[in-house]
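# Coordinates in review
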Amino acid sequence: MAMAMAMRRAAALGARHILAASSTSSSGVLLRRHMSVDAGAAMEKVRAAGLLRTQGLIGGKWVDAYDGKTIEVQNPATGETLANVSCMGSKETSDAIASAHSTFYSWSKLTANERSKALRKWHDLIISHKEELALLMTLEQGKPMKEALVEVTYGASFIEYFAEEAKRIYGDIIPPTLSDRRLLVLKQPVGVVGAVTPWNFPLAMITRKVGPALACGCTVVVKPSEFTPLTALAAADLALQAGIPAGAINVVMGNAPEIGDALLQSTQVRKITFTGSTAVGKKLMAGSANTVKKVSLELGGNAPCIVFDDADIDVAIKGSLAAKFRNSGQTCVCANRILVQEGIYEKFASAFIKAVQSLKVGNGLEESTSQGPLINEAAVQKVEKFINDATSKGANIMLGGKRHSLGMSFYEPTVVGNVSNDMLLFREEVFGPVAPLVPFKTEEDAIRMANDTNAGLAAYIFTKSIPRSWRVSEALEYGLVGVNEGIVSTEVAPFGGVKQSGLGREGSKYGMDEYLELKYICMGNLN
């Protein structure tokens, strides 16, 4: 969490530096002016819809930070400040926890049907404000508008799905060992949930956690990223409008270490759910030990994308492109290593580079844009570090490999050839628009290389062979495997990783279990 604050400071410094540099160029000034007009119109549309919230939400009331402090939310495409939001800490978080704890007793006592109806109304309101939410997301996160629209639909799908699953929380009856006894198993809500969410999917990572929590009867304190709090606040506002009671959803943002510590130390918070880096996930897991909280973690990935020599090249190109460059490479399930069998390496590389060249980099508000900026200057510097490490060890830049001429935190879609396992690009998650190509010889080599990592979130394979698809899918040490498909996420399937990519699952019927406790009841003397 401290790292997040450091990244924000670095981003602000980087933005000021680049803006100063671009001020000497007339084309740079014109570009910024064009973007600013678009951003201004977009903000007006969001404001007119009543969805621009800058205060935290505690107990159904919009409140400033108690000490009056604020933090800037910046547009990564322009460096301009979109809004100043409340910078909250431990005191506000403690009050949010108290509110959630108080509301839990009434919310959890509602029938499943009543909770379901409220969630369904929330879903409908999100869909009815789809465009405004997408605009807000593009402004504060940078992703292209068409991707933001997809995320709103995807995020809303979790609310709809769990509204339905709320009515299907079944217990069990166990055949007794004695005739005068009855043995029952109930599923009951775990209690107050602390949900810590990232900036790369500012709506979907919230709804994927809050949807099942509310459906089960839990109440929630959400801590969105300091980079993208506006989407979270707008979604929470719509939840209130849907009739979800005050205190069932609370939102605090700002001082990440203080908020995190308050959630971890509270005995009233019975579960922590987190999506983000493995390093922060480990800290949250360790911090939850003192109060023995239930924990679910969706952490970093290092996804292999294996292209076998019997693959349909067109399908493999399309799938690899989607798996790698969605959200400018800023997803935990991005193809971080593209392993290509030697027999088709040159053919694949040539076709892949041609496809990457067609990607249009620009402001996400522009219709033609397919690649937006990275979230901040620190993210660009990380990509540069990985590229420099790779080239110093023998990799070759096949396309891109530098900052984009647009400036700010834009980076060219990049393809790097002959990447080996001693490079950072192979060992760690680049989280940027960089596609490393790695040749391999045999199926066994591909599996060994793919599993040679502590991460285990997502993997992709491309082959026409059904037997091979079974063999390789079962051998890969990953929680998600896409076969001839680059986009695998859906609300109806379990999402999560193995090894150091996390604990638990989100989405699907399995995601409900993360917010439930089992209670065994033994009833005696019934004869």
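Residues numbered from 1 in each chain as written. Predicted model: local features only at pLDDT ≥ 70, side-chain atom pairs only at ≥ 80, totals over all residues. Heavy atoms only, no water.

In this section: the sheet that holds strand E20 (residues 516-523). Taken in spatial order, the 3 strands make up an open sheet running E5-E6-E20, and their pairing is antiparallel. The open sheet terminates on both sides in strands that have one partner only, identified here as strand E5 (172-174) and E20. Strand-to-strand, the axes of this sheet are offset by a mean angle of 25°, without reference to chain direction. Of the strand pairs in this sheet, E5 and strand E6 (residues 182-189) are connected by 3 bridges, and their pairing is antiparallel. Following the sheet pairing, Ile173 is matched in E6 by Leu184. (Pairing = 2+ DSSP bridges. Helix = DSSP H or I, 4+ residues; strand = E, 2+ residues; numbered from the N terminus. Axes fitted to C-alpha atoms, helices over the stretch in contact; angles between N-to-C directions.)

This part is about the pattern of salt bridges. One pass over the structure, following the stated rule, counts 24 salt bridges. Residues Asp513 and Lys187 are paired through a salt bridge, measuring 3.6 Å at the closest nitrogen-oxygen approach. A residue pair is termed long-range when its members are at least 10 positions apart, and Asp513 in the loop between helix H17 (508-512) and E20 and Lys187 in strand E6 qualify at 326 residues. In this structure, Glu226 and Lys223 form a salt bridge, with 2.4 Å as the shortest nitrogen-oxygen distance. In terms of burial, Glu226 and Lys223 fall into one category: buried. (Salt bridge = Lys/Arg side-chain N within 4 Å of Asp/Glu carboxyl O. Buried < 20%, exposed > 50% of the residue type's maximum accessible area, 1.4 Å probe, protein only.)

The element strand E17 (residues 458-462) is largely enclosed, with a buried count of 5 among its 5 residues. Alternating positions in E17 separate into two faces, Ala458, Tyr460 and Phe462 on one and Ala459 and Ile461 on the other, with burial throughout. Of the pairings in the sheet, the one linking strand E12 (residues 303-307) to E17 comprises 3 bridges and is parallel in character. Looking at the pairing, Ile306 lines up with Ile461 of E17. Relative to strand E18 (residues 480-483), E17 is paired through 4 bridges, and the arrangement is parallel. When the sheet's bridge partners are listed, Tyr460 is paired in E18 with Gly482.

With 69 residues, the main nonpolar core has Trp122, Ile126, Leu214, Ile244 and Ile249 as its most contacted residues. When residues in this core are grouped by element, the largest group, 10 residues, is from helix H6 (residues 145-165). In this structure, Trp122 is in contact with Ile159, Val210, Leu214, Ala235, Leu238, Ala239, Ala242, Ile244 and Ile249, ignoring residues within four places of it in sequence. Among the nonpolar cores identified, the runner-up in size contains 35 residues, and Leu339, Phe440, Ala446 and Ala450 belong to it. (Core = buried A, V, L, I, M, F, W, Y, C linked by side-chain atoms within 4.5 Å. Contact = heavy atoms within 4.5 Å.)

Before going further, it helps to spend a moment on the domain arrangement of the chain. The domain boundaries assigned to the chain delineate domain 1 (40-299 + 508-516) and domain 2 (303-485). Domain 1 and domain 2 are separated by 31 Å when their C-alpha centres are compared. Taken together, the contacts link 22 residues of domain 1 with 23 residues of domain 2. Run the count over domain 1 and domain 2 and you get 0 salt bridges. At the level of secondary structure, the elements contributing two or more residues to the side of domain 1 that touches domain 2 comprise helix H5 (130-141) and H6. At 5 residues, the largest contribution of residues to the side of domain 1 that touches domain 2 is made by H5. When grouped by side-chain class, the residues that make up the side of domain 1 that touches domain 2 number 11 nonpolar, 6 polar and 5 charged. (Domains from an automatic or database assignment. Nonpolar A, V, L, I, M, F, W, Y, C, P; charged D, E, K, R; others polar.)

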